[in-house]
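# Commentary on secondary and tertiary structure
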Amino acid sequence: MSLYEAVRDAIRAEEEVVMATLVELTDPAEWEIPPAGGEVLPRVGAKIVVRPGQLPLGTTGDADLDRVIARDAWAALESGLTGTRHYGRHGQANQREVVVFVEAFAPPPLMVIFGAVDFTAALARVAKILGYRVVVCDARPVFATPARFPEADEVVVSWPDRYLDTIAGQLGPRDAVCVLTHDPKFDIPAIVAALRTRVGYLGAMGSRRTHAERTARLLEAGVVESDLVRVMGPIGLDIGARTPEETAISICAEIIALRVGGPGPAGVTSLRDSRGPIHQDAVALSGPD
Amino acid sequence: MKEVLGDIERWRRAGRRVALARVVDVIGSGPRDPGATMAVNEDGEVAGSVSGGCVEGAVLTEALGVLEAGEPRLCTFGYSDEEAFSVGLTCGGTIRVFVEPLDW
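Residues numbered from 1 in each chain as written. Chains lettered and ligands numbered in written order. Predicted model: local features only at pLDDT ≥ 70, side-chain atom pairs only at ≥ 80, totals over all residues. Heavy atoms only, no water.

## Structural notes on the packing of helix α1 (residues 3-12) of chain A against helix α1 (residues 5-13) of chain B
How we decide: Helix axes are fitted to C-alpha atoms over the stretch in contact, other axes to C-alpha atoms as well, and angles between N-to-C directions run from 0 to 180 degrees. Each helix is a run of DSSP H or I of at least 4 residues and each strand a run of E of at least 2, with the numbering of both proceeding from the N terminus. Should an angle fall under 35 degrees it is called roughly parallel, over 145 degrees roughly antiparallel, and 65 to 115 degrees roughly perpendicular, with every other angle called oblique. By convention the crossing between two helices is left-handed if the near helix lies anticlockwise of the far one by an angle smaller than a right angle, and right-handed if it lies clockwise. In what follows, a contact means two residues having at least one pair of non-hydrogen atoms within 4.5 Å. Throughout, the ten residues Ala, Val, Leu, Ile, Met, Phe, Trp, Tyr, Cys and Pro are labelled nonpolar, Asp, Glu, Lys and Arg are labelled charged, and all others, Gly among them, are labelled polar.
Running from amino to carboxyl end, α1(A) crosses α1(B) at an angle of 135°, the nearest separation of the two axes being 12 Å. On the basis of the axis angle, α1(A) is oblique to α1(B). As for the relative orientation of α1(A) and α1(B), their crossing is left-handed in sense. Residues Tyr4(A), Glu5(A), Arg8(A), Ile11(A) and Arg12(A) of α1(A) touch α1(B), and the partners they reach there are Leu5(B), Gly6(B), Ile8(B), Glu9(B) and Arg12(B). When grouped by side-chain class, the residues that make up the contact of α1(A) with α1(B) number 4 nonpolar, 1 polar and 5 charged.

Take a look at the structure:
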């Protein structure tokens, strides 16, 4: 199997894989220790492919450099960050002899939507555009059917808290939980269970009055104030959304805004009225691409 | 990368040689993040993109050159140095694009 095929297969299977490519040799005349005559230099285009639980594939031609690149590729798997690093030709830190592009391919982030309602169908559609794997969950088998949510990757008939407990370990900062049931008997257990995970975004639908009541019930259920701030409710950015589709855009826009530190204190601003760079780097992790 | 795999596979099945161009560095304001990928086959067909449409034409030319020569290239596209770079990004940033034959 070629390196390309290994990367291709991992991406298609939605498994983690990192590909590191040596993209540049800087000018040897500027190196601290110039290459000796006959010294074989690492080759531009050389690759190391790293997958969890398997030996690294590929070589730059220098075993020490290979080892350092593979180590940093592991770190990139954790952080999901893609970018260039500089090394000496034997992998030394603080030298700029070789430039290596480390590209982490992470599985798509997960969005779990609770409540098999019209808003859910629209949210599933928009979330798919953003690259999420989408799971719809509702305890009522009549409503939670794949036919009603063709865009969802999975439709689960279960109580929200029970389902969340089965996937709690998988949820991380890139993932989202959207509670659209606005029925306390589903909402409260779902939010309480979601707060026990590391999920990056947790939103709950409902009017301001519904949300105030929900907040009171969450406090009664033992949720502490410092956890309550994680709950985005009423869900979504204040863009005047009305229809399920517009609401879905407002929810996804909020997820994007929070990834870069949140909307400003004055609420949503237009680019015309704001300052600073249009493209912002994510604070935590890069989003789906 | 993921979004161009389908085209790459189709081209490989048809026996076409393929070049990959990937954004490796973005300095200043850039339209696409590192990892943005454009694939080109030897007939000049294109999948994916590396910018907002500003430099794709130049990357296509580089990719065909890379397939011809069989050697990878690191190309810089930016606004900052008009003498050196005929193709710029309207957003004012600089991107470095690694173009290589898919022979690995």
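## Digging into helix α3 (residues 118-129) of chain A
Residues and elements named next belong to chain A. Defined as follows: In this analysis, the expected span of each helix is defined as 1.5 Å times one less than the number of residues it contains. Working definition: with a 1.4 Å probe on protein chains only, accessible area under 20% of the residue-type maximum means buried, over 50% means exposed, and in between means partly exposed.
Counted at 1.5 Å a residue, the expected span for α3 with its 12 residues is 16 Å, and the 18 Å between its end C-alpha atoms agrees. The set of residues buried in α3 consists of Thr-120, Ala-121, Ala-122, Leu-123, Ala-124, Val-126 and Ala-127. Packing partners of the buried residues in α3 comprise β5 (110-114), β6 (133-138), β8 (176-179) and α8 (244-259). Remark: Gly-131 follows α3 within two positions and exhibits a positive phi of approximately 95°.

## A look at the pairing of β5(A)
Residue and element names in this part refer to chain A. Test applied: Paired strands, in this sense, are two strands between which DSSP finds at least two bridges. When the strands point away from the viewer and the path from the first strand over the helix to the second turns clockwise, the crossover is right-handed.
Counting buried residues along β5, 5 of its 5 residues qualify, which places the element largely inside the surrounding structure. Summarising the sheet, β5 and β6 pair through 5 bridges and their orientation is parallel. Across the sheet, residue Val-112 finds its bridge partner in β6, namely Val-135. You can see the chain leave β5, run along α3 and come back into β6, and the turn it takes is right-handed. The pairing of β5 with β8 spans 4 bridges and is classified as parallel. Note that in β8 the partner of Val-112 across the bridge is Val-177.

## Details of the confidence of the model for chain B
Put simply, the rule reads: pLDDT runs from 0 to 100 and stands for how confident the predictor is about each residue.
Residues of chain B with pLDDT of at least 70 account for 87%, and the chain-wide mean is 88. Averaged over each element, pLDDT in chain B is lowest for strand β4 (residues 73-78) of chain B (90) and highest for α1(B) (97).

## Here we look at the side chain of Thr120(A)
All names here are of chain A. Filter applied, for reference: Polar contact is defined as a pair of N or O atoms within 3.5 Å, subject to the rule that within protein one atom must be able to donate a hydrogen and the other to accept it, and that residues adjacent in sequence are counted only when both atoms are side-chain atoms.
Mapping Thr-120 onto the fold places it in helix α3. Within the structure, the side chain of Thr-120 is placed 2.4 Å from the backbone oxygen of Gly-115, a separation counted as a polar contact. Dropping the residues within four chain positions of it, Thr-120 is found in contact with Ile-113, Gly-115, Val-136, Phe-149 and Leu-180.

## Here's the deal with the pattern of salt bridges
The cut-off we apply is this: When a carboxyl oxygen of Asp or Glu is within 4 Å of a side-chain nitrogen of Lys or Arg, the pair counts as a salt bridge.
Overall, the coordinates contain 26 salt bridges over all chains when judged by the stated rule. Note that Arg71(A) is salt-bridged to Asp72(A), the shortest N-O span being 3.2 Å. By relative accessible area, Asp72(A) is classed as buried at 14%. Measuring nitrogen to oxygen at the nearest pair gives 2.8 Å for the salt bridge that ties Asp153(A) to Lys128(A). With Asp153(A) in the loop between β6 and β7 (154-157) and Lys128(A) in helix α3, the pair connects residues that are 25 residues apart, well separated along the chain. Classification of Asp153(A) as partly exposed rests on a relative accessible area of 38%. Exposure remark for Lys128(A): the relative accessible area of 31% places this residue in the partly exposed category. The structure contains a network of salt bridges with shared partners spanning Glu5(A), Arg8(A), Asp9(A), Glu9(B) and Arg12(B).

## Observations regarding the nonpolar core
Residue and element names in this part refer to chain A. Put simply, the rule reads: Residue types Ala, Val, Leu, Ile, Met, Phe, Trp, Tyr and Cys, when buried and joined through side-chain atoms within 4.5 Å, form a set referred to as a nonpolar core.
Formed by 26 residues in total, the largest nonpolar core has its most connected members in Met-111, Leu-123, Val-134, Cys-178, Leu-180 and Ile-251. In terms of residue count, α3 provides more of this core than any other element does, 6 residues in total. Contacts of Ile-251, omitting those with residues within four sequence positions, involve Leu-123, Cys-178, Leu-180, Tyr-201, Ile-235 and Gly-236. Leu-110, Val-135, Ile-191 and Val-199 belong to the second largest nonpolar core, which has 25 residues in total.

## Things to note about the sheet that holds strand β3 (residues 46-48) of chain B
Residues and elements named next belong to chain B. Spatial ordering of the open sheet is given by β3-β2-β1-β5-β4, a layout of 5 strands whose pairing is antiparallel. If you trace the sheet from one side to the other, it starts and ends with β3 and β4, each paired once. When strand polarity is set aside, the average angle formed by the axes of neighbouring strands in this sheet is 25°. Packed on one face of the sheet, helix α2 (residues 56-69) meets β1 (18-27), β2 (37-41), β3, β4 and β5 (94-101) and runs near 50° to β2.

## So, the side chain of Arg96(B)
Structurally, Arg96(B) can be placed in strand β5. Look at Arg96(B) and you get buried, because its relative accessible area is 14%. At 3.0 Å, the side chain of Arg96(B) forms a polar contact with the side chain of Glu24(A). Setting aside residues no more than four positions away along its own chain, Arg96(B) makes contact with Glu24(A), Val99(A), Arg22(B), Val23(B), Val24(B), Asp25(B), Leu74(B), Cys75(B) and Thr76(B).

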